[in-house]
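Spelled out, the chains give:
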Amino acid sequence: MTKTLFAKIADGEIPAEIVYEDDRVVAFKDIQPQAPIHFLVIPRKPIASLATADQKDTELLGHCLSICASVAQQEGLTESGYRVVTNIGEDGGQTVPHLHFHILGGRSLQWPPG
Ligand code: 5GP
């Protein structure tokens, strides 16, 4: 199986500004930030998107969300608020086929998104 861009980041083959990692997930700065604070949290397991996650990934998905909250806390976003979003497929605007959660904060975000 060809490694995704994010699997290469997780394995240290492509550099990224990593802010958290453990044996299951990696969090790093988005290369093209859409807000003053923009991080991505990915599972090391190369799940293509939330749509293809398996029931046996439930615990891993929960861990990803929990890490989103702790990275946001680490970055001082808890009080002001922030957004966690995962894009799925073409209409969802997904460009990298490796499940990832965006953490966006540091400014007031609009709703609904475009
Ligand atoms: P998507 O559009 O799939 O939801 O989000 C993919 C995100 O990955 C985008 O926000 C994009 O800026 C980010 N990205 C793409 N390539 C790289 C890269 O090589 N390094 C980092 N750190 N982020 C990337």
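Residues numbered from 1 in each chain as written. Predicted model: local features only at pLDDT ≥ 70, side-chain atom pairs only at ≥ 80, totals over all residues. Heavy atoms only, no water.

A. Quick look at helix H2 (residues 58–74). Compared with the 24 Å implied by 1.5 Å per residue over 17 residues, the 24 Å span of H2 between its first and last C-alpha is a close match. Restricting attention to buried positions, one finds in H2 the residues Leu60, Leu61, His63, Cys64, Ile67, Cys68, Val71 and Ala72. Of the residues trailing H2, Gly76 is marked for its positive phi of about 80°. (Helix = DSSP H or I, 4+ residues; strand = E, 2+ residues; numbered from the N terminus. Expected span 1.5 Å × (residues − 1). Buried < 20%, exposed > 50% of the residue type's maximum accessible area, 1.4 Å probe, protein only.)

B. Representation of the site of the ligand. Near the ligand there are 17 residues, and of these Lys29, Asp30, Asn87, Thr95 and His102 occur at the shortest range. In the model, a nitrogen atom of the ligand is placed 3.3 Å from a nitrogen or oxygen of the Ile31 main chain. The side chain of Asn87 places a nitrogen or oxygen atom 2.8 Å from an oxygen atom of the ligand. Burial of the ligand by the surrounding chains reaches 83%, relative to a free accessible area of 520 Å². (Near = heavy atom within 4 Å. Polar contact = N/O pair within 3.5 Å; in protein donor to acceptor, adjacent residues only side chain to side chain. Areas by Shrake-Rupley, 256 points an atom, 1.4 Å probe, with all protein chains shown as cover.)

C. The arrangement of the nonpolar core in detail. Ranked by internal contacts, the top residues of the largest apolar core, which has 17 residues, are Val41, Val71, Phe101 and Ile103. Where this core is concerned, the elements lending two or more residues are strand E2 (25–29), strand E3 (37–43), H2 and strand E5 (101–105). Per-element accounting of this core gives the leading share, seven residues, to H2. Counting eight residues, the second largest nonpolar core, distinct from the first, contains Val26, Leu40, Ile42 and Val96. (Core = buried A, V, L, I, M, F, W, Y, C linked by side-chain atoms within 4.5 Å.)

D. Geometry of the pattern of salt bridges. One pass over the full model with this rule turns up seven salt bridges. Residue Glu13 is joined to Lys3 by a salt bridge in which the shortest nitrogen-to-oxygen separation is 2.5 Å. Remark: Lys3 occurs in the segment before helix H1 (5–10) and Glu13 occurs in the loop between H1 and strand E1 (18–21); sequence separation between them is ten residues. A salt bridge links Arg44 to Glu21; its shortest N-O distance comes to 2.9 Å. With Arg44 in the loop between E3 and H2 and Glu21 in strand E1, this pair connects stretches of sequence that are 23 residues apart. On the accessibility criterion, Glu21 (44% relative accessible area) is partly exposed. (Salt bridge = Lys/Arg side-chain N within 4 Å of Asp/Glu carboxyl O.)

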